[in-house]
Amino acid sequence: MLGIGAGDEVITSANSWISSSETITQTMATPVFVDVHPQYYSMDESKLEQAITPKTKAIIPVHLHGQMCDIEAIMRIADKHGIPVIEDCAQSHFSAFKGVLAGKRGIAASFSFYPGKNLAPMEMRVA
Ligand SMILES: Cc1ncc(COP(=O)(O)O)c(C=O)c1O
């Protein structure tokens, strides 16, 4: 659908389960890691823009342990550069940030129904 392949870059966080970056390497693209927020341990939106290059084809923020990324800030940067966002919500069922549920803003979102997955309370990340 997005035509991502060898020579392309996809931005995500290293602080995740291997699946987040494995989906990128399975397309032969290169994962580019943005460091995590010191308080929330999910993608630090203030470090995202500097990781974008002409090769960037997608951004995969990971809402880890129910701790949401600042998805609105990430979407603003992604939209400015015309880059699609795919939300990894495997560990963020029912998490929300500023009233927006995980998985509502990207062009696609993935959830995991593996039985051991954590289910987060609403509004786990304080704005
Ligand atoms: C952050 C994250 N993304 C993706 C996955 C993959 O989920 P599944 O194994 O259900 O495809 C997991 C599973 O642990 C995960 O923790």
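Residues numbered from 1 in each chain as written. Predicted model: local features only at pLDDT ≥ 70, side-chain atom pairs only at ≥ 80, totals over all residues. Heavy atoms only, no water.

It is worth spelling out the nonpolar core at this point. In this structure, Ile-11, Met-43, Leu-48, Ile-59, Ile-74 and Val-85 are the most contacted members of the largest nonpolar core, which totals 21 residues. Ranked by the residues each element gives to this core, the list is headed by helix 2 (residues 71–81), at five residues. Counting five residues, the second largest nonpolar core, distinct from the first, contains Val-10, Ile-24, Ala-58 and Ile-60. (Core = buried A, V, L, I, M, F, W, Y, C linked by side-chain atoms within 4.5 Å. Buried < 20%, exposed > 50% of the residue type's maximum accessible area, 1.4 Å probe, protein only. Helix = DSSP H or I, 4+ residues; strand = E, 2+ residues; numbered from the N terminus.)

A cluster of nonpolar side chains, contributed by Met-1, Leu-2 and Ile-107, occupies part of the molecular surface with about 370 Å² of accessible area. Along the polypeptide, Ile-107 turns up in the loop between strand 6 (100–101) and strand 7 (108–110). For Ile-107, a relative accessible area of 47% puts it in the partly exposed group. (Patch = residues over 30% accessible without salt bridge, like charges linked within 9 Å, V, L, I, M, F, W, Y side chains within 5 Å. Areas by Shrake-Rupley, 256 points an atom, 1.4 Å probe, with all protein chains shown as cover. Salt bridge = Lys/Arg side-chain N within 4 Å of Asp/Glu carboxyl O.)

Lining the immediate environment of the ligand, one finds Ser-16, Trp-17, Ser-19, Ser-20, Val-62, Asp-88, Ala-90, Gln-91, Ser-112 and Lys-117. In the model, an oxygen atom of the ligand is placed 2.5 Å from a nitrogen or oxygen of the Ser-112 side chain. Contact with the protein chains removes 69% of the 390 Å² of surface that the ligand exposes when unbound. In the shell around the ligand, the residues fall into three nonpolar, five polar and two charged. (Near = heavy atom within 4 Å. Polar contact = N/O pair within 3.5 Å; in protein donor to acceptor, adjacent residues only side chain to side chain. Nonpolar A, V, L, I, M, F, W, Y, C, P; charged D, E, K, R; others polar.)

One pass over the full model with this rule turns up four salt bridges. Note that Glu-49 is salt-bridged to Lys-80, the shortest N-O span being 2.7 Å. On the criterion of sequence distance, the pair formed by Glu-49 in the loop between strand 2 (30–33) and strand 3 (56–59) and Lys-80 in helix 2 is long-range, its members being 31 residues apart. Under the relative-accessibility criterion, Glu-49 is labelled partly exposed at 32%. Among the ionic pairs, Arg-105 bridges to Glu-72, the shortest N-O distance being 2.9 Å. With Arg-105 in the loop between strand 6 and strand 7 and Glu-72 in helix 2, this pair connects stretches of sequence that are 33 residues apart.

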